[in-house]
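For reference, the chains in residue letters:
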Amino acid sequence: MSGTILLADDEKILKTLGRALRDGGYDVATAATGMGRVAAARERPFDVLLVDFLMPDRTGLDVLRELADTVPDAERRPPS
């Protein structure tokens, strides 16, 4: 069974890398904006998030923080 990947970038690599990952058997969702990344990640779980750091509407770190804030405390891993 292949993993699910959210690929988020605002550049040409989004299509190229997405195609390569799909050809490798992965289930890939793409998003070209920070808002799109957050929306996609809230719709379903992903095994891997590949997030561009610099995008026009927010940084990848902002997106990761927003998504982390949505995880219930009971589902969070304790810090190691």
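Residues numbered from 1 in each chain as written. Predicted model: local features only at pLDDT ≥ 70, side-chain atom pairs only at ≥ 80, totals over all residues. Heavy atoms only, no water.

**Observations concerning the overall build of the protein**
Working step 1: Counting secondary structure elements, the protein contains three helices and three strands.
Working step 2: For the protein, the sequential pattern of α-helices and β-strands runs β-α-β-α-β-α.
Working step 3: Classification of the 80 residues of the protein by burial places 31% in the buried group.
Working step 4: If you take every contact in the protein between residues at least 6 apart in sequence, the share linking residues at least 24 apart comes to 46%.
Working step 5: Accessible surface for the protein amounts to roughly 5700 Å². Of this, 56% is attributable to carbon and sulfur atoms.
Working step 6: Taking the average place of the 11 positive charges on the side chains of the protein and the average place of its 14 negative ones, the gap between the two points comes to 3 Å. (Helix = DSSP H or I, 4+ residues; strand = E, 2+ residues; numbered from the N terminus. Buried < 20%, exposed > 50% of the residue type's maximum accessible area, 1.4 Å probe, protein only. Contact = heavy atoms within 4.5 Å. Areas by Shrake-Rupley, 256 points an atom, 1.4 Å probe, with all protein chains shown as cover. Lys, Arg positive; Asp, Glu negative; His and termini not counted. Charge placed at Lys NZ, Arg CZ, Asp CG, Glu CD.)

**A look at the sheet that holds strand β2 (residues 27-31)**
Working step 1: The strand order across the open sheet built from three strands is β2-β1-β3, with neighbouring strands paired in parallel fashion. At either margin of the open sheet sits one strand with a lone partner, and together these are β2 and β3 (48-51). Recorded for the sheet is a direction-independent mean angle of 15° between the axes of neighbouring strands.
Working step 2: Two elements, strand β1 (residues 4-8) and β3, share four bridges in a ladder whose sense is parallel. What sits directly across from Leu6, in β3, is Leu49. (Pairing = 2+ DSSP bridges. Axes fitted to C-alpha atoms, helices over the stretch in contact; angles between N-to-C directions.)

**Focus: the confidence of the model for the protein**
In low-pLDDT regions, the fine details of the predicted coordinates are not to be read closely.
Working step 1: When pLDDT is averaged along the protein, the result is 80, and 92% of the positions lie at 70 or above.
Working step 2: Of all helices and strands in the protein, the one with the weakest mean pLDDT is helix α2 (residues 34-43) (71), whereas helix α1 (residues 13-23) scores best (89). (pLDDT = per-residue confidence, 0-100.)

**Comments concerning the nonpolar core**
Working step 1: Counting residues in each nonpolar core, the largest one holds eight residues, listed as Leu6, Ala29, Ala31, Ala40, Ala41, Phe46, Val63 and Leu67.
Working step 2: Put simply, the parts of the chain that give this core at least two residues each are β2, α2 and α3 (60-69).
Working step 3: Sequence-distant contacts of Phe46, defined by excluding residues within four places in its chain, comprise Thr4, Ile5, Leu6, Ala29, Ala40 and Ala41.
Working step 4: Ile5, Leu14, Leu21 and Val28 belong to the second-largest nonpolar core, a separate cluster that totals five residues. (Core = buried A, V, L, I, M, F, W, Y, C linked by side-chain atoms within 4.5 Å.)

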